[in-house]
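Below are the chains, spelled out letter by letter.
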Amino acid sequence: MAFLMECCTLIVNVLCMPLHLIHAVGMYEIYKRFFPMCLNRCSIMYNKKMYDKKKELFRSLSGFNKPGGQLTILEIGCGTGANFEFYPPGCKVICTDPNPHFQKYLKKNMGDNDQLSYERFLVASGEDMGSVESESVDVVVCTLVLCSVNNIPQTLREARRMLRPGGAFFFQEHVVADPSTWTYFFQHVLQPLWYYFGDGCEVTRETWKHLEAAGFSELKLRHIETPLMFLIKPHIVGYAVK
Ligand SMILES: C[S@@+](CC[C@H](N)C(=O)[O-])C[C@H]1O[C@@H](n2cnc3c(N)ncnc32)[C@H](O)[C@@H]1O
C-alpha cells in the first residue's frame, strides 16, 4: 500500500509540474489576491456545517476573562473573520493575518458583528508576532491555520508568549487521518495539488503532536470526524492553558 501511495503521489507531483514552476518563479503570489474570495465562500459553508462544533468550542472563551476585565482575544490567521460571530459580546479582538488582501471581507464581518470591539488588523505571520506585547492577551485563537504556517512549534511559542499566565490557546484544525484509512492514502496522494488550491495548506500534518509538546500546563484536545469533504474530515479541537 505504501508503495502504491508513493507511486500515485509521484504521478500527481509530475502533473503538478506547471504549478511547481509557477511557484518557483514567484508567480503563485498572485493567487494571494484571489484566495480571500475563495475562502470567503468556503468559510460560509464551513461555518454552516461546523456551527455546533464552533459554538461548543467557543462557549468556554468567557471562562478566561479576568474578573471585571474585558476579554482580549488575538486571532492568528483570522482570514475573513469567520469566527467573530462565536465570540462573546463585548470582547476585544486583535485580528492578524499575513495576507493583507483579507481587509474587504474582514471589514464586512466586523460590521456584521459590531457587538465586539476591534483593536487593529495586524499584517503578520504566526511565527513572528513581535509587535504584540508578551503576556498581553487572554486568549489566542487559531482555526484552520496550523495546516498552513511554515513552523508550527514557533507559532505555538509565539502564542504562549503573548498569552497572560492562565490564558488559553483555542484551536480547531484539520489533521492527517488514521494511516489505515483511504482518507490517509488520498490525503498524501492529493497533497501536492491541494497545497496550491489551499494557499499552502497541508492535510498530512500531525498537529496534535506539536500541541502536546508545546509546554502548556493543561491541554484539552479531542479528535473528531467532521461532516466535511473527506480530505479535511479528521479534525482536532480544544484549548490549551498557559
Ligand atoms: C484556511 S484559512 C483560515 C482562516 C480563518 N482562521 C478561518 O477559520 O476561517 C488559513 C489562514 O491562515 C493564514 N496563514 C497562512 N500562513 C500563515 C502564517 N504563517 N501565519 C499566520 N497565518 C497564516 C492565511 O492567510 C489564511 O487566512
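Residues numbered from 1 in each chain as written. Predicted model: local features only at pLDDT ≥ 70, side-chain atom pairs only at ≥ 80, totals over all residues.

(A) Geometry of the overall build of the chain. Counting its regular elements, the chain contains eight helices and seven strands. The C-alpha atoms of the chain give 18 Å as radius of gyration, which agrees with the globular expectation for 242 residues (18 Å, within 12%). Taking the principal axes of the C-alpha coordinates as reference, the chain spans close to 60 × 35 × 35 Å. In the chain, the proportion of contacts linking residues at least 24 apart, taken out of those at least 6 apart, comes to 71%. (Helix = DSSP H or I, 4+ residues; strand = E, 2+ residues; numbered from the N terminus. Rg over C-alpha atoms; globule rule 2.2 N^0.38 Å. Contact = placed C-beta atoms within 7 Å.)

(B) Representation of helix α6 (residues 152-162). Looking only at α6, the buried set comprises I152, T155, L156, E158, A159 and M162. The buried residues of α6 occupy one face: seen down the axis, they fall within an arc of 155°. Buried positions along α6 lie against β1 (72-75), β4 (137-143), β5 (163-174) and α8 (207-213). (Buried ≥ 20, exposed ≤ 12 C-beta atoms within 10 Å, placed from the backbone. Arc of directions from axis to C-beta.)

(C) Representation of the environment of M110 within the structure. Assignment of secondary structure puts M110 in helix α5 (residues 103-112). Between the alpha carbons of M110 and K32 there is a distance of 21 Å; along the sequence they are 78 residues apart. Apart from residues lying up to four places away in sequence, M110 is in contact with G81 and Y118.

(D) Summary view of the sheet that holds β5. Strand order in the open sheet formed by seven strands is β3-β2-β1-β4-β5-β7-β6, and the pairing between neighbours is mixed. In this open sheet, the two strands that pair with only one neighbour each are β3 (117-122) and β6 (218-225). Strand after strand, the sheet turns through a mean of 15° between neighbouring axes, direction not considered. Sheet topology places β1 next to strand β2 (residues 92-96); four bridges connect them, and they run parallel. Among the inter-strand pairings, T72 is bridged to a residue of β2, identified as K92. (Pairing = 2+ DSSP bridges. Axes fitted to C-alpha atoms, helices over the stretch in contact; angles between N-to-C directions.)

(E) Structural context of the site of the ligand. In the vicinity of the ligand, 20 residues are found, and the nearest of them are G77, G79, S125, G126 and T143. Of the residues in the shell around the ligand, the class split is eight nonpolar, ten polar and two charged. (Near = placed C-beta within 6 Å. Nonpolar A, V, L, I, M, F, W, Y, C, P; charged D, E, K, R; others polar.)

(F) Layout of the UniProt feature "domain: Methyltransferase type" (unreviewed entry) in the chain. Per the UniProt record, "domain: Methyltransferase type" (unreviewed entry) is annotated on residues 74-171. Structurally, residues 74-171 is divided into 21% helix and 30% strand, and its ends, taken at the C-alpha atoms, are 12 Å apart. (UniProt positions renumbered as here; feature names shortened; annotations may be inferred.)

(G) Examining helix α2 (residues 17-24) more closely. Burial of α2 is sparse: only zero of the eight residues sit out of reach of the surface. Remark: G26 follows α2 within two positions and exhibits a positive phi of approximately 85°.

(H) Main features of the UniProt feature "signal peptide" (unreviewed entry) in the chain. In the numbering used here, UniProt assigns the "signal peptide" (unreviewed entry) feature to residues 1-24. Secondary structure across residues 1-24 divides into 92% helix and 0% strand, with the first and last C-alpha atoms of the span separated by 31 Å.

(I) Seen up close, the environment of Y196. The residue Y196 is located in helix α7 (residues 182-197) in this model. Along the chain, Y196 and H20 lie 176 residues apart, while their C-alpha atoms are 8.9 Å from each other.

(J) Inspection of unusual backbone geometry at higher detail. Positioned with a positive phi, E135 is a non-glycine residue whose angle comes to about 55°. Phi angles above zero are rare outside glycine, and L144 is one such case at about 55°. Relative to the helices and strands, L144 resides in the loop between β4 and α6. Taking the number of C-beta atoms within 10 Å as the measure of exposure, L144 has 23 and is therefore buried.

(K) Region of the structure containing the pairing of β6. Taking burial as the measure, the eight residues of β6 include zero buried ones, a minor fraction of the element. Relative to strand β7 (residues 234-241), β6 runs antiparallel, the two being bridged by eight bridges. Residue pairing across strands places H223 opposite I236, the latter belonging to β7.

(L) Spatial organisation of the nonpolar core. Of all hydrophobic cores here, the largest spans 47 residues; its most connected members are I73, V137, V139, V140, C142, F169 and F170. Going through the elements one at a time, α4 (51-58), β1, β2, β4, α6, β5, α7 and β7 are the ones with two or more residues in this core. Those residues in contact with C142 that sit more than four places away from it in its chain are I76, G77, F169 and F171. (Core = buried A, V, L, I, M, F, W, Y, C linked by C-beta atoms within 7 Å.)

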